[in-house]
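Geometric and topological summary
Below, each chain spelled out in residue letters.
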Amino acid sequence: MTEDGAAERWGYTEISVQKFSYSWTISNFRFLLQEVGEAIKSPTFSSGSSVNDKWCLKVRKNGIDEDSKDYLSVHLTLHSCPRSPVWARFQFSIASVDGEKTQGMISPRFFKFTPNQHWGFTKFIHRDLLLSLESWLLPDNELTVLCDVDLSVQDSFINSEDSTVPGIQVPRSTMADELGQLWEISLFTDCSLLVAGKEFRAHKAILAARSPVFRAMFEHDMEESRTNSVEILDLEPHVFKAMMEFIYSGKAPDLHDIADAVLAAADKYGLERLKVMCEDVLCRDLSVENAAHTLILADLHSAEQLKTKALDFITAHASEVSETSCWKKMVGSHPHLLAEAFSSLASDHSSFLGPPSKRFKQS
């Protein structure tokens, strides 16, 4: 046993997902808009499963804040569940006169519900739009809201805490540290990497296992395979070292000042996890000044998550970002990104959609 070892625990958890739907028709809907209070609740309903859960829907005619005051908001509420918390992903839509689902909005992920907790859309549909489509969406002055839910409840069937057999301390894995030492001390190396005139020794098997690009170099009849030497022309040594540390250990140094350069390296050498790590750092560093540059970088290296975050940021700070020098350069050099930014901005101001941070709120 070692000092930093921890007793091994074991268990079995079954995670099941159950689907259920609920249809709620509100009659005399124009009366609700004109006379009734701010919110109306549906009758209580259940998923029909063995967890004995109770739910309801809530519609607010004036949203929940100043930003959503012209919208109907719709929320799903968990009244009670003996085995809470539960996790649910939900979709709201409106039944048209033909019985079809329209104006649907779906949650981007599963949300955690505890008793009396609400999740939903603060900008579900603009009231003026709803009334303009009255003959289609409000037949006989009735609004029918449809709610489809994917429900997940965890049941622990076997738990090591119930075992009477004492645990055995198992040392933590040190494989990443040991592989990292192979890189640091150049032990048993079999290939050479030349970066900015400087030679670094490495291991073909590790490079090939971690990077599909290095694997292709050593697998096929290429100069790198014949000479066991690779010249890397487009990386600075400090960026190369950061990439190699990740290849050997799965870890990366502080990426704050080099995330853009490491992102490019990770993209070139097929290091997807390192690429996402860089996206995360760049996303956290988004500002008015660098938003356009980050959007260009994300587009260039197919960093889709970062690109989405950059577009969301630009949408939320459009007037400030459009005054920056980087944005003005982007207008001439990357017109397709300008079109995407305008599309995102248009969607933000459309009848149904709003920025995720504003659409999704707990009330």
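Residues numbered from 1 in each chain as written. Predicted model: local features only at pLDDT ≥ 70, side-chain atom pairs only at ≥ 80, totals over all residues. Heavy atoms only, no water.

We count it as follows: UniProt positions are given in the numbering used here, feature names are shortened, and annotations may be inferred rather than shown by experiment.
By the naming in an unreviewed UniProt entry, the protein chain goes by Speckle-type POZ protein-like and is assigned to Cricetulus griseus. Annotation of the protein chain in UniProt includes, under Subcellular location (unreviewed entry), the sentence "Nucleus". In its Sequence similarities (unreviewed entry) section, the UniProt record describing the protein chain reads: "Belongs to the Tdpoz family."

**Some details on the overall build of the protein chain**
Filter applied, for reference: Numbering goes from the N terminus for both helices and strands, where a helix is a DSSP run of H or I of at least four residues and a strand is a run of E of at least two. Whether a residue is buried, partly exposed or exposed follows from its accessible area with a 1.4 Å probe, protein chains only, as a fraction of its type maximum: under 20%, in between, or over 50%, in that order. The contact rule is simple, with two residues in contact once any of their heavy atoms fall within 4.5 Å. Each accessible area is a Shrake-Rupley estimate made with a 1.4 Å probe; only the visible protein chains count as cover when residues are assessed.
Within the protein chain, the regular secondary structure consists of 16 helices and 15 strands. The 363 residues of the protein chain split such that 40% are buried. Of the contacts formed within the protein chain by residues at least 6 apart in sequence, a portion of 65% connects residues at least 24 apart. Just so you have it, the protein chain exposes about 19,600 Å², and 51% of that area is on carbon and sulfur atoms.

**Looking at the pattern of salt bridges**
For the record, the criterion: Think of a salt bridge as a Lys or Arg side-chain nitrogen and an Asp or Glu carboxyl oxygen that are within 4 Å of each other.
Scanning the model with the defined rule gives 15 salt bridges in all. The partner of R201 in a salt bridge is E199, and the shortest N-O contact between them spans 3.7 Å. Looking at R201, the relative accessible area reads 32%, which means it is partly exposed. Look at E199 and you get partly exposed, because its relative accessible area is 46%. What emerges from the salt-bridge pattern is a single network uniting K19, R89 and D150.

**Description of helix α11 (residues 291-300)**
Within α11, seven of the 10 residues are buried, leaving the element largely enclosed by the surrounding structure. Considered for burial, the residues of α11 that qualify are A291, A292, T294, L295, I296, L297 and A298. Positive backbone phi, approximately 50°, marks S302, located one or two places after α11.

**Here we look at the pairing of strand β14 (residues 229-232)**
Regular strands place their side chains on alternate faces of the sheet. We apply this condition: When DSSP locates at least two bridges between a pair of strands, those strands are taken to pair.
Of the two faces of β14, the one holding V230 and I232 is buried and the one holding S229 and E231 is not buried anywhere. Of the strand pairs in this sheet, strand β12 (residues 191-195) and β14 are connected by four bridges, and their pairing is parallel. Residue pairing in the sheet places L193 in a bridge with V230 of β14.

**Quick word on the packing of aromatic side chains**
For clarity, the threshold we go by: Working definition: a ring pair exists when centres of Phe, Tyr or Trp rings (six-membered ring for Trp) sit within 6.5 Å. Plane angles under 30 degrees give stacked, over 60 give edge-to-face, the rest tilted. As a reminder, the over-ring test applies to NZ of lysine and CZ of arginine, requiring each to be within 6 Å of the ring centre and within 35 degrees of the ring normal.
Using the criterion set out here, one finds 16 aromatic pairs in the structure. Connected via pairs of aromatic rings, a cluster forms that spans F20, Y22, F45, W55, F90, F92, F111, F113, W119, F121 and F124. In this structure, R210 is placed above the aromatic ring of F246, and the distance from its NZ or CZ to the ring centre is 5.0 Å.

**Let's talk about the sheet that holds strand β13 (residues 198-202)**
For the record, the criterion: Think of each axis as a best-fit line through the C-alpha atoms, taken over the contacting stretch in the case of a helix, with angles from 0 to 180 degrees between the N-to-C directions.
The three strands are arranged β13-β12-β14 in an open sheet whose pairing can be described as mixed. Only two strands of the sheet have a single partner each, and these edge strands are β13 and β14. The sheet shows a mean angle of 25° between the axes of neighbouring strands, direction not considered. Where helix α6 (residues 212-219) meets the sheet, its contacts fall on β12 and β14, and the angle it forms with β14 comes to roughly 135°.

**Some details on the packing of helix α10 (residues 272-284) against helix α12 (residues 304-316)**
Rules: What sets the label is the angle itself: under 35 degrees gives roughly parallel, over 145 gives roughly antiparallel, 65 to 115 gives roughly perpendicular, and the rest give oblique. Should the near helix be turned anticlockwise from the far one by less than a right angle, the crossing is termed left-handed; should it be turned clockwise, right-handed.
Interhelical geometry of α10 versus α12 gives an angle of 15° and a closest axis separation of 9 Å. Taken as axis vectors, α10 and α12 run roughly parallel relative to one another. Between α10 and α12 lies a crossing whose hand is right-handed. For the pair α10 and α12, contact is made by V276, E279, L282 and C283 and by E304, Q305, L306 and K309, respectively.

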